[in-house]
Amino acid sequence: MVTIKKLLEDYKAELTEAIMILSKLMKVDKSYIYTHIDEELSEEIVRDFNYIMDKRKQGHPIQYLLGEKEFMGLSFIVGKGVLVPRNDTEVLVEYLIDYIKDDRKKVLDIGFGSGTIGLSLAYYCKGIDLTGVDISEDAVRIANKNREKFALENVKLLKGNLFDPIGEDKFHIIVSNPPYIPKWEIEKLESQVKDHEPRIALDGGEDGLDFYRKITKDSKNYLASNGMLIYEVGYNQGKQVKDILLENGFTDIVILKDLQGYGRVVLGFYR
């Protein structure tokens, strides 16, 4: 039989990931691994562990292999076909949670992916009425699994292109983390991103700003009076997206910085 210690010996360079994977397979906390280092493992766990580690060496995102990613204190189901949630996005969600508090707001999440933004808001702000739109069938399927996992009500997830499925609804807040990588830059990304994450969730056109232009222009037809439009943006896109909002008549524009000092969230109001 193979012990925990023996299994991990070959993965000293990837020890943090190896412990994460093993604890997931054993259904135990990571601290358990350290305190039961001589425990013998079943053949099934050893086989599954080696399979996942081999996939990691091939560049597959660990979040896909584990089937989950923690975001805002919640464990989201993720998988091939949706972008792996980034911790940078928590800046946007934390701001909106503080802004909404207990108010009743109608919120539209454009391009929801696995649902991290909209469903986190619905989880922590019980008074909101959330509508989400995504063009990807994989996104709708996975986000609905997360909606069911968190037992969220007043959530409607629609398949469609941007505002196409919305009808005549008006929203207090429209939020989006759209594709914003310039087309030419995608091939320069690390393998686990460009070769495994969905291109449709990365490609923002020649300069990365296509979706900001389109969503900002069309959002004016769907915002309630004094409604907010709020985006996540690339680390160097804050000024450009601010200018797009200004050109479309938005006011009181704010750029929020992440922990590294980059402007990662841009928001404005349409009066």
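Here the structure is shown first, and the text comes after it.
This report concerns the structure included in the present document. (Residues numbered from 1 in each chain as written. Predicted model: local features only at pLDDT ≥ 70, side-chain atom pairs only at ≥ 80, totals over all residues. Heavy atoms only, no water.)

### Some thoughts on the overall build of the protein chain
Tallying secondary structure elements over the protein chain gives 11 helices and 11 strands in all. Rg of the C-alpha trace for the protein chain: 21 Å, near the compact-globule value of 18 Å for 271 residues, within the 12% margin. C-alpha extents for the protein chain along the principal axes are approximately 70 × 40 × 35 Å. For the protein chain, contacts bridging at least 24 residues in sequence account for 65% of all contacts bridging at least 6. Entry remark: accessible area of the protein chain is about 13,700 Å², with carbon and sulfur atoms responsible for 47%. Within the protein chain, the 45 negative side-chain charges are centred at a point lying 3 Å from the centre of the 38 positive side-chain charges. (Helix = DSSP H or I, 4+ residues; strand = E, 2+ residues; numbered from the N terminus. Rg over C-alpha atoms; globule rule 2.2 N^0.38 Å. Contact = heavy atoms within 4.5 Å. Areas by Shrake-Rupley, 256 points an atom, 1.4 Å probe, with all protein chains shown as cover. Lys, Arg positive; Asp, Glu negative; His and termini not counted. Charge placed at Lys NZ, Arg CZ, Asp CG, Glu CD.)

### A word on the pairing of strand β7 (residues 155–159)
In this sheet, β7 lies alongside strand β6 (residues 129–134) in parallel orientation, the contact comprising five bridges. Opposite D134, over in β7, you have K159 as the bridge partner. Handedness of the β-α-β unit built from β6, helix α8 (residues 137–149) and β7 comes out right-handed. (Pairing = 2+ DSSP bridges. Right-handed = clockwise from strand over helix to strand, strands pointing away.)

### Points about helix α2 (residues 15–26)
For the α-helix, the turn length of 3.6 residues means that residues three or four positions removed from each other point alike. In a regular helix each residue adds 1.5 Å, so 12 residues correspond to 16 Å; α2 covers 16 Å between its end C-alpha atoms and thus fits that length. Listing the buried residues of α2 in full gives A18, I19, I21, L22, S23 and M26. On its buried side, α2 packs onto α1 (4–8), α3 (30–35), β2 (40–41), α4 (43–57) and α5 (62–66). Residue K27 follows α2 closely and has a positive phi angle near 60°. (Expected span 1.5 Å × (residues − 1). Buried < 20%, exposed > 50% of the residue type's maximum accessible area, 1.4 Å probe, protein only.)

### A few points about the sheet that holds strand β11 (residues 263–270)
Each strand in a sheet pairs with another by means of backbone hydrogen bonds, the pair being arranged parallel or else antiparallel. Strand order in this open sheet of seven strands is β7-β6-β5-β8-β9-β11-β10, and the pairing throughout is mixed. In this open sheet, the two edge strands, each paired with only one partner strand, are β7 and β10 (251–257). Strand-to-strand twist in this sheet, taken as the mean axis angle between neighbours without regard to direction, amounts to 15°. One ladder, built from five bridges, connects strand β8 (residues 171–176) with strand β9 (residues 223–232); its direction is parallel. (Axes fitted to C-alpha atoms, helices over the stretch in contact; angles between N-to-C directions.)

### Overview of the nonpolar core
Ranked by internal contacts, the top residues of the largest apolar core, which has 36 residues, are L96, L121 and I230. Residue assignment for this core shows that the elements contributing at least two residues are β4 (74–77), α6 (90–100), α7 (116–124), α8, β7, β8, β9 and β11. Among the elements that line this core, the one with the most residues is α6, at five residues. With sequence-adjacent residues up to four places away left out, I230 is seen in contact with L92, Y95, L96, I173, I174, V175, S176, V265, V266 and L267. Counting 27 residues, the second largest nonpolar core, distinct from the first, contains I181, V193, Y222 and I253. (Core = buried A, V, L, I, M, F, W, Y, C linked by side-chain atoms within 4.5 Å.)

### Quick word on unusual backbone geometry
The phi dihedral of K27 is positive, around 60°, even though this residue is not glycine. Turning to its location among the elements, K27 is positioned in the loop between α2 and α3. Even without being a glycine, K101 presents a positive backbone phi close to 50°. With respect to the helices, strands and loops of the structure, K101 is situated in the loop between α6 and β5 (106–110).

### Concerning the environment of E90
With respect to the helices and strands, the residue E90 is situated in helix α6. For the pair E90 and I117, spaced 27 residues apart in the sequence, the C-alpha separation amounts to 8.2 Å. Contact partners of E90, with chain neighbours within four places excluded, come to F71 and M72.

### Points about the packing of α6 against α7
Running from N to C, α6 and α7 cross one another at 35°; their axes reach a closest spacing of 10 Å. Here α6 and α7 pass one another in a crossing that is right-handed. Together, L92, V93, L96, I97 and I100 of α6 and I117, S120, L121 and Y124 of α7 make up the contact between the two elements. (Left-handed = near helix turned anticlockwise from the far one by under 90°.)

### Regarding the layout of surface pockets
Taking a probe equal in size to a water molecule and rolling it over the atoms shows the remaining empty space. The volume enclosed by the second largest pocket comes to roughly 440 Å³. For the second largest pocket, the lining is made up of 16 residues, of which M20, K30, L66, E68 and E70 are closest to its centre. Elements supplying a minimum of two residues to the lining of the second largest pocket: α2, α5, β3 (68–71) and β4. Residue classes in the lining of the second largest pocket are distributed as five nonpolar, four polar and seven charged. (1 Å grid on protein atoms, 1.4 Å probe; cavity = no way out; pocket = protein on both sides within 12 Å on 5 of 7 lines; lining within 4 Å. Points joined across faces, edges and corners; volume = space filled by probe spheres on them. Nonpolar A, V, L, I, M, F, W, Y, C, P; charged D, E, K, R; others polar.)

### Topic: the packing of helix α10 (residues 210–219) against helix α11 (residues 238–247)
The contact between α10 and α11 brings their axes to 10 Å, and the two run at 25°. As far as their axial angle goes, α11 and α10 are roughly parallel. Two packed elements cross with a definite hand, and for α10 against α11 that hand is right-handed. Contacts from Y212, R213 and T216 in α10 reach V241, I244 and L245 in α11. Considered class by class, the residues forming the contact of α10 with α11 number four nonpolar, one polar and one charged. (Parallel < 35°, antiparallel > 145°, perpendicular 65-115°, else oblique.)

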